[in-house]
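# Coordinate inspection notes
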Amino acid sequence: MPQLAKQTAITDSPFYPGNKSAYKQWREAKLRFLKPAMSDVLVRITDPYRLSAEENAAIAVCCENYNMAVYQLGDTSVRDKSLVHALGKQFAMEKLDANLRSDEDSISSLEVREQNGNQYIPYTNKALSWHTDGYYNPLDKQIFGIIMHCVSPAAAGGVNSLLNPENIYIALRDENPAYIEALMHPQAMTIPANIDSGEVIRQAQTGPVFMIKPNGRLHMRFSARKRNIRWRDTPDTQNAVAMINDFLADESNVLQVKLEAGQGIICNNVLHNRSGFTDGSIQKRLMYRARYYDAVESFKL
Ligand SMILES: [Fe+2]
């Protein structure tokens, strides 16, 4: 039988504001695993279609400790998109989120392209500010897992910065537990409706920043965009958001990764951004990105 995460009562979770003893215990254990070095999360894999038990376990352990892993294919000529589907299945990631610009198989090919109507920054060469994916999705369609595979890097730029939301949770809760309660409030953050040419293509979404997943772990909905985000108007909410933005702005807190061809990120939807980039005449940035309603799980641990 596959070993999958069990359902956990929300009040048992260390992230539940009232559960001080579980938080204390979890925090003690977590302090060993704050900001990773690249070597802490890098896993070399021989065949993405058939991971060895060791490769699978290594990625799962990185995701357990840091919510993220970076893999490196041994054979960088393997670049068929099917490798993303295959990798996901080996971590019980199967329920893909189809979004407005994804391809027919629900995986997005992120590259610079001409766009009609609203311009989506992921398909330009502009910088992307800090966010978790799908923060504008309905609460029952949150993105818990992401795979992003680099087919080809940009000629210059296109660096991703990554940050485990658990680190920010610790900083906020240690500073003021009321910040956590403010960010768990069901009206903490509102994303206005997406309207294109007068047509509502996505309703406004209101919800918390921090949520507890069915397995008891933390989920974060967040965007650092100044426009198009409405924060609940309370001092704790405003101060907590300011603290998050300060934490993200400090490069000593984050892992910077410039994916090379044949490398990819598997993660539990950690906070991330992207620097702007320049494509060459031949060297053009292309990433395959899959978003899942499933978190990273291991069948083989
Ligand atoms: Fe993203």
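Before any of the text, the structure's been laid out above.
To keep things clear, this report deals only with the structure shown in the data block. (Residues numbered from 1 in each chain as written. Predicted model: local features only at pLDDT ≥ 70, side-chain atom pairs only at ≥ 80, totals over all residues.)

### Thoughts on the overall build of the protein chain
- Across its full length, the protein chain holds 7 helices and 19 strands.
- Relative to the 2.2 N^0.38 estimate, which gives 19 Å for 301 residues, the radius of gyration of the protein chain is 19 Å and therefore close to what a compact globule would have.
- With respect to the principal axes defined by its C-alpha atoms, the protein chain has extents near 50 × 50 × 35 Å.
- The burial tally for the protein chain puts 36% of its 301 residues in the buried class.
- Here the analysis covers contacts within the protein chain between residues at least 6 apart in sequence; of these, 79% occur between residues at least 24 apart. (Helix = DSSP H or I, 4+ residues; strand = E, 2+ residues; numbered from the N terminus. Rg over C-alpha atoms; globule rule 2.2 N^0.38 Å. Buried ≥ 20, exposed ≤ 12 C-beta atoms within 10 Å, placed from the backbone. Contact = placed C-beta atoms within 7 Å.)

### Some points on the pairing of strand β19 (residues 286-292)
- Extensive coverage of β19 is indicated by the burial of 5 of its 7 residues.
- Bridge count for strand β3 (residues 108-110) against β19 is 3 bridges, and the pairing is antiparallel. Paired with Ser108 across the two strands is Arg289, which belongs to β19.
- By the bridge criterion, 7 bridges tie strand β5 (residues 145-152) to β19 in an arrangement that is antiparallel. By the bridge assignment, Gly145 is partnered in β19 with Tyr292. (Pairing = 2+ DSSP bridges.)

### Let's talk about helix α3 (residues 53-66)
- Taking 1.5 Å of rise per residue, 14 residues should cover 20 Å, and α3 covers 20 Å from first to last C-alpha, within 8% of that figure.
- Asn56, Ala58, Ile59, Ala60, Cys62, Cys63 and Tyr66 are the residues of α3 that are buried.
- Two residues or fewer past α3, Asn67 is found with a positive phi of approximately 65°. (Expected span 1.5 Å × (residues − 1).)

### What to know about the sheet that holds strand β17 (residues 271-274)
- The strand order across the open sheet formed by 4 strands is β4-β17-β7-β15, and the pairing between neighbours is antiparallel. Two strands lie at the open edges of the sheet, namely β4 (128-131) and β15 (255-257), each paired on one side alone. Mean inter-strand twist for the sheet, computed between neighbouring axes without regard to direction, equals 15°.
- Judged from the 3 bridges that link them, strand β7 (residues 160-163) and β15 form a sheet pairing that is antiparallel. Within the sheet, the bridge partner assigned to Asn160 lies in β15 and is Val257. (Axes fitted to C-alpha atoms, helices over the stretch in contact; angles between N-to-C directions.)

### Description of the nonpolar core
- Judged by nonpolar contacts, the single largest core of 67 residues is most densely connected at Cys63, Met68, Ala69 and Ile266.
- For Met68, the contacting residues outside a window of four places in its chain are Val41, Cys62, Cys63, Leu162, Asn164, Ile265, Cys267 and Val270. (Core = buried A, V, L, I, M, F, W, Y, C linked by C-beta atoms within 7 Å.)

### Section: the packing of helix α5 (residues 165-175) against helix α7 (residues 235-249)
- Contact geometry of α5 with α7 gives a least axis separation of 10 Å together with a crossing angle of 135°. Taken together, α5 and α7 sit at an angle that is classed as oblique. Viewed along their axes, α5 and α7 form a crossing whose handedness is right-handed. Residues Ile168, Ala171, Leu172 and Glu175 of α5 lie in contact with α7, whose contacting residues are Ala240, Met243, Ile244 and Phe247.
- A per-class count over the contact of α5 with α7 returns 7 nonpolar, no polar and 1 charged. (Parallel < 35°, antiparallel > 145°, perpendicular 65-115°, else oblique. Left-handed = near helix turned anticlockwise from the far one by under 90°. Nonpolar A, V, L, I, M, F, W, Y, C, P; charged D, E, K, R; others polar.)

### So, the sheet that holds strand β8 (residues 189-191)
- Strand order in the open sheet formed by 3 strands is β11-β8-β14, with antiparallel pairing between adjacent strands. Here the strands that pair on one side only, and so sit at the sheet edges, are β11 (205-207) and β14 (230-231).

### Observations concerning the environment of Tyr169
- Its location among the elements puts Tyr169 in helix α5.
- By C-beta crowding, Tyr169 is classed as buried, having 23 other C-beta atoms within 10 Å.
- Setting aside residues no more than four positions away along its own chain, Tyr169 makes contact with Phe15, Phe210 and Leu218.

### Considering unusual backbone geometry
- The backbone of Ala92 sits at a positive phi, close to 60°, despite the residue not being glycine.
- With respect to the helices and strands, the residue Ala92 is situated in the loop between α4 (82-89) and β3.
- Owing to 19 C-beta atoms within 10 Å, Ala92 belongs among the partly exposed residues under this scheme.
- Phi is positive for Ser106, close to 70°, though the residue is something other than glycine.

### Section: the environment of Ala224
- Tracing the backbone through its elements, the reader meets Ala224 in the loop between β13 (218-220) and β14.
- Classification of Ala224 as partly exposed rests on a count of 16 C-beta atoms within 10 Å.
- Note: C-alpha distance between Ala224 and Ser129 (95 residues apart in sequence) is 6.2 Å.
- Residues contacting Ala224, with those up to four places away along its chain left out, are Ser129, Trp130, His131, Asn245 and Leu248.

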